[in-house]
Amino acid sequence: MSENYVLELEHIRKEYPGVVALKDVTLRLRKGEVLGLIGENGAGKSTLIKCCTGAEIPTSGKIRVNGKEFDRMSPQLAAENGVAVIYQEFNNVGELSAAENLFLGRPIRKGMKIDRAAMEREAQKAFDQLHIKINPKELVKNLTVGYQQMIEIAKAIQQNAQVLIMDEPSAPLTSNEVENMFKVVELLRKKGVSIIYISHRLEEIFRLSDRIEVIRDGEYVTTLITPEATVDELIKLMVGRELTQKYPPRKSCVNKDKVVLELKNVTGNGDKDISLQLHAGEVLGLGGLVGAGRTELAEIIFGAKPKESGSIIFNGKEINPQSPREAIDLGIALVPEDRKRHGALLGISIKNNINMPIYERISKLSVINSRKEKEIAEKYREEIQIKCPTLNQLVKNLSGGNQQKVILGKWLAADCELIIFDEPTRGIDVGAKYEIYKLINELVESGRSVLMISSEMEELMGMSDRIIVLAENRMTGELQKEEFDSDKIMQYASGITDGAKESL
Amino acid sequence: MLNANFLKQNAIWLVFLAEIIIFAIASDGTFISGRNIINISRQVSYYGIAAIGMTFVILIADIDLSIGSIITLVNVVCAWLMVAAGVNMWVAVAISLIMATGIGLINAVMVAAVGIPALIATFASQTVFEGVAYLISGGRPIAGFDSDFGIFGRWSAFDFLPICAILMIICFAVGSFILNKTYFGRYFYAIGGNEEAAELSGIRVNRVKYLIYAFSGFFAGLAGIVLLSRANSAQSTVGKGLEFDVITCVVLGGVSVYGGVGSMSGVIAGVLIIGSLTNGMILMDVSEYTQMVVKGLVLAVAVGIDCMSKKRRKR
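Note that the coordinates shown come from a computational prediction; the quantities given were computed from them, not determined experimentally.

(A) View of the overall build of chain B. Counting its secondary structure elements, chain B contains 13 helices and four strands. A compact globule built from 315 residues would reach a C-alpha radius of gyration of about 20 Å, and chain B, at 19 Å, matches this within 12%. Looking at the 315 residues of chain B, the share that counts as buried comes to 52%. A fraction of 78% describes how many contacts in chain B between residues 6 or more apart in sequence connect residues 24 or more apart. Within the structure as shown, chain B displays about 14100 Å² of accessible surface, and the carbon and sulfur contribution to it stands at 67%. Here chain B holds 19 positive side-chain charges and 16 negative ones, and the gap between their average locations is 9 Å.

(B) Local environment of the interface of chain B and chain A. Each partner contributes residues to the interface: chain B has 21 residues there, and chain A has 29 residues. The largest share of the area that chain B buries against chain A comes from Tyr183(B), Arg186(B) and Leu200(B), three residues that together contribute 31% of it. Counting the contacts that link chain B with chain A gives one salt bridge. Note that Glu373(A) is salt-bridged to Arg186(B), the shortest N-O span being 2.9 Å. Counting the contacts that link chain B with chain A gives ten residue pairs in polar contact (both at pLDDT 80 or more). Contributing elements (two or more residues each) for the side of chain B that touches chain A: α7 (163–181), α8 (183–193) and α9 (195–200) of chain B. Top contributing element to the side of chain B that touches chain A by residue count: α8(B), with six residues. Tallied by class, residues from the side of chain B that touches chain A come to ten nonpolar, four polar and seven charged.

(C) Seen up close, the environment of Gly266(B). Residue and element names in this part refer to chain B. Along the polypeptide, Gly266 turns up in helix α12 (residues 264–283). Relative accessible area serves as the criterion here: at 6%, Gly266 is assigned to the buried category. Here the alpha-carbon distance between Gly266 and Val255, two residues eleven residues apart in the chain, equals 7.7 Å.

(D) Representation of the sheet that holds strand β17 (residues 317–319) of chain A in the model. All names here are of chain A. If you walk across this open sheet you meet the four strands as β14-β13-β16-β17, and the pairing is antiparallel. Among the strands making up the open sheet, the edge pair consists of β14 (271–280) and β17. Across the sheet, the mean angle from the axis of one strand to that of its neighbour is 30°, orientation sign disregarded. The pairing of strand β13 (residues 255–268) with β14 spans seven bridges and is classified as antiparallel.

(E) Examining the layout of surface pockets more closely. Residues and elements named next belong to chain B. Counted as a void, the second largest pocket has a volume near 610 Å³. Elements with a contribution of two residues or more to the lining of the second largest pocket: α3 (34–59), α11 (242–252), α12 and α13 (288–314). Split by residue class, the lining of the second largest pocket holds eight nonpolar, eight polar and five charged.

(F) Representation of the packing of aromatic side chains in the model. Applying the stated criterion to the full structure yields 14 aromatic pairs over all chains. Among the aromatic residues, those joined into a ring-pair cluster are Phe56(B), Phe188(B), Phe215(B), Phe218(B) and Phe219(B). We note Arg28(A) situated over the ring of Tyr5(A); from NZ or CZ to the ring centre the distance is 6.0 Å.

(G) Spatial organisation of the packing of helix α2 (residues 11–26) of chain B against α12(B). Residues and elements named next belong to chain B. Interaxial distance between α2 and α12 falls to 9 Å at its minimum, and their mutual angle equals 15°. Taken together, α2 and α12 sit at an angle that is classed as roughly parallel. Note on packing geometry: the crossing formed by α2 with α12 is left-handed. Seen from α2, the contacting residues are Ile12, Trp13, Val15, Phe16, Glu19 and Phe23; seen from α12, they are Ser265, Ile268, Ala269, Leu272, Ile273, Ser276, Leu277, Gly280 and Met281. Here the contact of α2 with α12 is composed, by residue class, of eleven nonpolar, three polar and one charged.

Scoring rules and cut-offs
Numbering of residues starts from 1 in every chain and runs along the sequence as written. The naming scheme follows written order: chains are lettered A onward, ligands numbered 1 onward. Note on the predicted model: pLDDT of at least 70 is required for a residue's local features to be given, and 80 or more for side-chain atom pairs to be given and counted; whole-chain, interface and lining totals, by contrast, use all residues. Values shown for side chains rest on all heavy atoms present in the structure; no hydrogens or waters enter the calculation. In this description a helix means any DSSP run of H or I spanning at least four residues, a strand means any run of E spanning at least two, and both kinds are numbered starting from the N terminus. Based on C-alpha atoms, the radius of gyration is set beside the globule rule, defined as 2.2 Å times the residue count to the power 0.38. Categorising residues by exposure relies on relative accessible area from a 1.4 Å probe, with only protein chains included: less than 20% of the type maximum marks a residue as buried, more than 50% marks it as exposed, and the intermediate range marks it as partly exposed. The contact criterion used throughout is that any non-hydrogen atoms of two residues lie within 4.5 Å. Only the protein chains shown count as covering a residue, and every accessible area follows the Shrake-Rupley method with a 1.4 Å probe. For the purpose of counting charges, residues Lys and Arg are taken to be positive, whereas Asp and Glu are taken to be negative. His and the chain ends are not included. Taken as the charge location is NZ of Lys, CZ of Arg, CG of Asp or CD of Glu. The quantity reported as buried area is the accessible area (1.4 Å probe) lost by two parts once they are put together, taken as the sum for both. For salt bridges, the criterion is a side-chain nitrogen of Lys or Arg within 4 Å of an Asp or Glu carboxyl oxygen. As used in this structure description, the phrase polar contact means that two N or O atoms lie within 3.5 Å; if the pair is within protein, one of them must be able to donate a hydrogen and the other to accept it, and residues adjacent in sequence are counted only when both atoms belong to side chains. Charged means Asp, Glu, Lys or Arg here, nonpolar means Ala, Val, Leu, Ile, Met, Phe, Trp, Tyr, Cys or Pro, and polar covers whatever is left, Gly included. Should DSSP find at least two bridges between two strands, the strands are taken to pair. Inter-axis angles, ranging from 0 to 180 degrees, are taken between N-to-C directions of lines fitted to C-alpha atoms, where helices are fitted over the stretch in contact. Points on a 1 Å grid over protein atoms alone make up a cavity when a 1.4 Å probe fits among them but cannot get out, and a pocket when they form an open set with protein on both sides within 12 Å along at least five of seven lines; lining residues each have an atom within 4 Å of a point. Grid points are joined across faces, edges and corners, and a volume is the space filled by probe spheres set on the points. Note on ring pairs: Phe, Tyr and Trp rings are taken, using the six-membered ring of Trp, and paired if centres are within 6.5 Å. Classes follow the plane angle, with under 30 degrees stacked, over 60 edge-to-face and the rest tilted. Consider the ring centre and the ring normal. A charge sits over the ring if Lys NZ or Arg CZ is within 6 Å of that centre and within 35 degrees of that normal. What sets the label is the angle itself: under 35 degrees gives roughly parallel, over 145 gives roughly antiparallel, 65 to 115 gives roughly perpendicular, and the rest give oblique. In this scheme the handedness of a crossing depends on how the near helix is turned from the far one: anticlockwise by less than a right angle means left-handed, clockwise means right-handed.

Structure below.
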């Protein structure tokens, strides 16, 4: 029984005022296994993890580490018992070296002095052990996200972690970095470290895990042996119903005669010499790696950042928006990547969020027409089916998918003709994704145009009518629908094209 | 309905009620005598008026430390115009208010256009305009106004209702209207909640900041006129430290120092609490220095409650 398991969470319940985040979740982790933990957003994965490390205190339930029973953990207890978490955000200090970060808070000393040489030696050993190539003297800010994550892992191992919990570890990484991370995970498993691996990406779960635990709405659903599970089954277990298609069908409604947006040699905000055309009723996908300059391009079009040269032609007229306000008044909208920081105004109501861009239009002498304000909010709540008890609910209390809908509602209310989506379904669970896709379809079917930035290859190919790929702030390729091919997109995205060579 | 939510939302008024009862008992009833209540309404009127502009500023998570200096400068300039330059009283008041609004705009230039943190920008203008007030007055009091000037601070309607209290009530009504009925109010909350997201929702954040600091300057100016009329003489030290009383009222009234949260009715309660606290302590013969200690503690506790509830919300 207990001897087989390094970590056991028994009937964990966690209540917040008014909400039950975890109802009754049990999780058992065997020595030297990788346990995939999956569930939709809001299913309670993060809360469960926080209970393991003492960041949250369970309302009831037991936690056993190596047979020792606890009612609650604390960060210190977790560390003493060898439980470590690799969060999505790292705790590295950019101005310090890799070695110093590894020994952050517990430096090796020689008398009063910090023994830098010893730290660098030990760091080298720790990195070698995990087969990672990092120069211990390198400042962390000069390292890529992938290597920074490796330092976090090395730090946990260096502190004798027996249980390693990884929360969406692949989210910030490029595909090469993901490969390296996989290798480290497999190495750790061989060394007998037990790992809980949380990810939205099911293919990763299949590749790495020995068993998969599914939770839904704060409740334990089931645990499966990985080789016996299928993707469809897992999705069904996570969502609680069957999803027949990933992308809703759409008849092409591209109006080739009407160019809504045209960029001619646009340079600025880091991007160089970008030219493209977007037609009415078209979804133009913008592919590429993170940092390729796609968000930067969106910011220029939306007036959030200035362009240096080139021209933007919108509906036949050259425009040069100096602020988001100007862009919105022209009919251009942006649904940003970071919903919580840039998209929704979390602390105010749904009604106010939807009306925010048009308050000046529904006011006389700056006094708001509150009847109109309510009507408009009500109209878009129905039209795009925002699920909420009342329109006065604060947006921060909505799920990710519903927050995204509120942002979209805002732009529909502002009557925007071109809507730029930056990672439209990031952090949104499987069921809500489908609804967002349906809304995008409705947008283009009503004659609007969509520019969609996406790092998810499947989404890019599933939703776009045409794809343009950026690499290192330049355009490297364009694919028509019939040419869609993930290898080709990856090639363009890594900048290996004739075009790129020419422009260099 | 006496449920938990009702209590939570109106806790501030309960504090006020408790305060009144305590002082009423401690002062053997003097505290709640008609005369003293009128007295309190006069005393709170000027920082009540100044608190409206400060509410807007704190709502966007900024701060305006210059209003004490604005009050001083308005005192000195308005008095100088009336006494030394012989300008008509109403013209002098109008010029003073325009000047106060202008100082607010200067603060806004520093904060919005240049990007100096509000704390530093308004601290700088506090120092500058305090100095200017001294330069104009030479540190000497200016007195000898028209008796009509008493309308702002000393006269009463129907022999009992101070005009300055009526003025404060009108100002609160205007402030509440701006906050709840106009789109500017919506913008204030949006910017206070998340400035970047507000900008990306089409709000011209910088323009709104100009408006907010102009309001803050204007209301401080009006408070200065009331104070000048009440004292009937301009002193170069009159506004010193007043910004702290005003900030205390606003924060005690539930306006979050993190921005985006707060209401005018809360601020009214905050003003009344601080006003009656000051008055009650004077009645009980508490020394000025002890009063400072108490007020400082009140500010710390008010902000402390705000910070703790923020921490709890985060968890």
